[in-house]
Amino acid sequence: MHSTTPARVVVLLSGGGSTLAALLRAHAEPDSPFQIVAAIADVDAPGLDHARRAGVPTAVVRLRDHPDRAAWDAQLASTVGGFDPALVVLAGFMRLVGPAMLEAFGGRMINTHPALLPSFPGAHGVRDALAHGVKVTGASVIEVDAGVDTGRILAQRAVEVLDDDTEASLHERIKQIEQPMLVDVVRHLTSPTPPAEGDPL
Ligand code: GRF
């Protein structure tokens, strides 16, 4: 018998949470292969309200409440692990995760980044692309590894840079292609593999 229980997904965020909101809309669709079981932030992120309104549990694990980064990382891994996720999604999470998170969730933790990696990694992907004068930028979904936006690229979509773009206008257009792309990747990673011919049901 193949289970049809939606895969458990935990989302980490730091900001306004429009990406989380897009994931929550997808999780609410009939036959979604995944469910968001928690939204966890490193600060009092306004985006957590999207989860609260959807009745999804939230938690905040603040760096400043811990003696050092290692203790914070361990607490984050334990809090995330408490929700037993099949997949962890970093959706505008503005801190690097550490060894405890990688040990617990490596290979099943993804991040979305508002630039075409390996160009413009780091916290200011949109600003850096604009400052460089590129004519095309975009968004990338990657696996999380120990580096800064260096993990395996799972999906990318491109966006044209307009002459009068500001960081805000460009980031807004990037988000419009970034969010459906991330939803597609999460759906793909959480979809049950169809049984191979001859498999017992
Ligand atoms: C996204 O573009 C993400 O790639 C970047 O920050 C944005 C998050 O936006 N790191 P929001 O908080 O989900 O609205």
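Conventions adopted
- Residues numbered from 1 in each chain as written.
- Predicted model: local features only at pLDDT ≥ 70, side-chain atom pairs only at ≥ 80, totals over all residues.
- Heavy atoms only, no water.
- Helix = DSSP H or I, 4+ residues; strand = E, 2+ residues; numbered from the N terminus.
- Buried < 20%, exposed > 50% of the residue type's maximum accessible area, 1.4 Å probe, protein only.
- Contact = heavy atoms within 4.5 Å.
- Near = heavy atom within 4 Å.
- Polar contact = N/O pair within 3.5 Å; in protein donor to acceptor, adjacent residues only side chain to side chain.
- Areas by Shrake-Rupley, 256 points an atom, 1.4 Å probe, with all protein chains shown as cover.
- 1 Å grid on protein atoms, 1.4 Å probe; cavity = no way out; pocket = protein on both sides within 12 Å on 5 of 7 lines; lining within 4 Å.
- Sits in = over half its atoms within 2 Å of the grid points.
- Nonpolar A, V, L, I, M, F, W, Y, C, P; charged D, E, K, R; others polar.

**A closer look at the side chain of histidine 113**
- Structurally, histidine 113 is set in strand E5 (residues 109-113).
- The buried category is assigned to histidine 113, whose relative accessible area is 2%.
- Those residues in contact with histidine 113, other than ones at most four positions away along the chain, are Phe120, Pro121, Gly122, Gly125, Gly138, Ala139, Ser140, Asp149 and Glu178.

**Brief notes about the site of the ligand**
- As a structural note, the neighbourhood of the ligand is formed by Gly15, Gly16, Gly17, Ser18, Thr19, Gly92, Thr112, His113, Pro114, His171, Lys175 and Glu178.
- Interatomic distance of 2.4 Å between a side-chain N/O atom of glutamate 178 and an oxygen atom of the ligand.
- Here the ligand has 370 Å² of accessible area as a free molecule, and 89% of this is covered by the chains.
- The pocket occupied by the ligand, as judged from atoms lying within 2 Å of grid points, is the largest pocket.
- Elements represented by at least two residues in the shell around the ligand include exactly helix H1 (18-27), E5 and helix H6 (167-190).
- With 3 residues, H6 is the single largest residue contributor to the shell around the ligand.
- Taken together, the residues of the shell around the ligand sort by class into 1 nonpolar, 9 polar and 2 charged.

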